[in-house]
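Here is what each chain is made of, one letter per residue.
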Amino acid sequence: MGKYVALRLVQLLPVLLLASIAVWLMIYLIPGDPAIAMLGPDVTAEQLARARERMGLDRPLPVQYALWLGRVVQGDLGVSYVGSVPVRTMLAQRIPVTLQLTIAALLVALAIAAPLGIMAAIRPRSWIGRLVGVYSALAMAVPTFWLGILLVLLFGLQLQWLPTSGFVPIWEDPGRALRLLILPALTLSAYVSAVLARFTRAALLETISQDYVRTARAKGLRERAVVGAHALRNALIPIVTVVGLQFGAFMGGAVITEAIFDYPGLGRMLLQAILQRDYTVIQGTMLFVVLSFALINLLTDLLYAYLDPRIRYS
Amino acid sequence: MSVTEAQVVAAAPAAIRATVPAERGTLARLSRQRAGLAGLGVLAVLALLALAAPLVSPRDPLAQDRADQFRPPSLANPFGTDEFGRDIFSRVIHGARISLLTGAVAVLIAALVGVPLGLLGGFFGGWVDAVTMRFLDFLLAVPAILLAMVIIAVLGPGSFNAMLAVGVVSVPAFARLTRASTLSLKEREFVLATRALGVGPPYLMFRTILPNASGPLLVQMAVTAAVAMLLEAALSFLGLGTRPPDPSWGSMLNTGRSFLHQAPWYGLFPGIAITGAVLSLNAVADALQAVVGGGSRPSGATA
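Report follows, based on the coordinates. (Residues numbered from 1 in each chain as written. Chains lettered and ligands numbered in written order. Predicted model: local features only at pLDDT ≥ 70, side-chain atom pairs only at ≥ 80, totals over all residues.)

## Examining the overall build of chain B
Then, number 1: Summing up its helical and strand segments, chain B has 15 helices and zero strands in all.
Then, number 2: Counting the 303 residues in chain B, one finds 47% classified as buried. (Helix = DSSP H or I, 4+ residues; strand = E, 2+ residues; numbered from the N terminus. Buried ≥ 20, exposed ≤ 12 C-beta atoms within 10 Å, placed from the backbone.)

Written as structure tokens, this is what we have:
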């Protein structure tokens, strides 16, 4: 196992390096001078020269990258062009907000997907088996932003059951925070719940046809024990890892969900930064996303290898 | 993994071949995929509407009339009117243009860049291939909408740049798929035999391997088109794609959500259009998968 972990870590390094170069290069790919992009078009030649020197733009490109990477590794992500706030501080404020939404959405997705997937696997030819097919086809085709609008129309405006925008930290006012979370979490979870339901069904169908399940049935166990203790338990291995891989879908969906519900998270920050061309904030956010992504993928791989030894020896 | 019908038939002994009914051709099998055919029908109607938009739509999609503001759906305005009194039905029809065009352009960009990349990587291998593929893996894992947003951040918002961004983020899937097929096909006997004839790598890659990898690629094209249309709508919804007053389904929903109180229909019809188009394309992809593809259906992305 130790050797496998080391190998995966070594493989991760070039990817992270390439990703960091891509994120860093972004600012040089913008048409025009980054100093002008930062200061705006109305600057004197002298101001421009000073800004270029301060930003290190007069040095060779590899030197600029090395200096930038050195700062990033120490946790210095620069300062927002627009708000003059350190990007690190902005990230620290927004990450817990998006995390609250993401965790709520993951719980909702599991609550929808697990029963649907299990029922569909136990009774493949029943109406619920067909329901899973229809549900996942719909949930994968309905765009997140339209689903959000539909939920606002129905539960916010028509029935007036739930608030349609705002955010409260869960530790400050749990009741209100939950009410505010329901619609965004439902919106964000739809796509992932469809993926998980499909996957749970497939994984369980596969274990149900295994010899050890037949043996369990043959020795007279009740169906509930056969499915719960034998089939589901073994199906959980791939399911757990697929949950880890849904992080990407959540990050992408969060940008849109946060826009619909005026939810002050990471996604809103990124969208605003793009609209305002606030490049240090874009760089910092993307670096965070890329890094957490790589780490979650790595952890998922390791978890899978730990649970299923065949992987690490092949 | 991706043996074409012709190959199977050619490889079968004459006696068996005689028993294979003539209607087992690819087209004939495609015609049995009812959901896929229905999807194809919906798409054909949409494409016709998009092409003939100025002729079919009852009103000018840009014509404003404040007196007609927020009219609910009626015979004169089947989908109602928006905040400037524009006919939403006409705007939805015109919106099909940008949506379908994005689907087509994205598939074109992704295939033209991704397929050669995958062929070269799979055929020659080496460390350049290893590093490129690791990086593409990584791009595949990062959500497409975020990648597209970053590309827009560099290029600036707009219809054309959105199409470009959506095309670029679709490249890795094509490269990965082509590379996997190339790797398995290049060791097959018919490729080795062709190589033994003394033909060069370009012929082997494009004339021998590529045609035999075309099944899964066809499926990928349908999936990519669906994802591209979702992404374009999402970008326009975020204000990064097609900009007002030009009609696009995503930007209509973006404006519509500010007026849900006065005009609930505004948030309804453009969404039905996107969902219908994407469902149809997914059905076509599933049908193609059942007929020509091997293995599992390539995954799409969320938007």
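Structure shown, so let's carry the discussion forward.
## Concerning the interface of chain A and chain B
Then, number 1: Contact residues are listed per partner, giving 40 residues for chain A and 36 residues for chain B.
Then, number 2: Contributions of two or more residues to the side of chain A that touches chain B are made by helix 1 (2–29), helix 6 (127–141), helix 7 (144–158), helix 11 (247–260), helix 12 (266–275) and helix 13 (279–307) of chain A.
Then, number 3: Looking at the side of chain A that touches chain B residue by residue, the classes come out as 34 nonpolar, six polar and no charged. (Contact = placed C-beta atoms within 7 Å. Nonpolar A, V, L, I, M, F, W, Y, C, P; charged D, E, K, R; others polar.)

## A short note on helix 6 of chain A
Then, number 1: For helix 6 of chain A, built from 15 residues, the straight-helix expectation of 21 Å at 1.5 Å per residue is met to within 8% by its first-to-last C-alpha distance of 21 Å.
Then, number 2: For helix 6 of chain A, the full list of buried residues reads V132(A), Y135(A), S136(A), A139(A), M140(A) and A141(A). (Expected span 1.5 Å × (residues − 1).)

## Brief notes about the nonpolar core
Then, number 1: Core analysis: the biggest nonpolar cluster contains 159 residues, and A148(B), M149(B), I152(B), A222(B), A226(B), L231(B) and A234(B) have the highest contact counts within it.
Then, number 2: Leave out the neighbours within four places in its chain, and I152(B) touches I274(A), P157(B), N161(B), A162(B), A165(B), L235(B) and L240(B). (Core = buried A, V, L, I, M, F, W, Y, C linked by C-beta atoms within 7 Å.)

## Re helix 10 (residues 223–245) of chain A
All names here are of chain A.
Then, number 1: Taking 1.5 Å per residue, 23 residues should reach 33 Å; helix 10 reaches 31 Å between its end C-alpha atoms and fits that length.
Then, number 2: Roughly 40 degrees is the biggest bend found in helix 10, and it falls at L232.
Then, number 3: Along helix 10, the positions that sit buried rather than exposed are V226, V227, H230, A231, L232 and A235.
Then, number 4: Residues of helix 10 that are buried make contact with helix 5 (87–122), helix 8 (174–208) and helix 9 (211–218). (Bend = angle between axes of the 7 residues up to and from the residue.)

## Focus: the environment of V195(A)
All names here are of chain A.
Then, number 1: Structurally, the position occupied by V195 is in helix 8.
Then, number 2: Note on V195: 21 C-beta atoms within 10 Å, which makes it buried.
Then, number 3: For the pair V195 and L178, spaced 17 residues apart in sequence, the C-alpha to C-alpha distance is 25 Å.

## Some thoughts on the packing of helix 7 of chain A against helix 8 of chain A
All names here are of chain A.
Then, number 1: Direction vectors running N to C along helix 7 and helix 8 enclose 145 degrees, while the axes themselves pass 9 Å from each other. Two packed elements cross with a definite hand, and for helix 7 against helix 8 that hand is right-handed. Contacts between helix 7 and helix 8 pair T144, L147, G148, L151, V152, F155 and G156 from the former with L183, L186, T187, A190 and Y191 from the latter.
Then, number 2: Classifying every residue of the contact of helix 7 with helix 8 gives eight nonpolar, four polar and no charged. (Axes fitted to C-alpha atoms, helices over the stretch in contact; angles between N-to-C directions. Left-handed = near helix turned anticlockwise from the far one by under 90°.)

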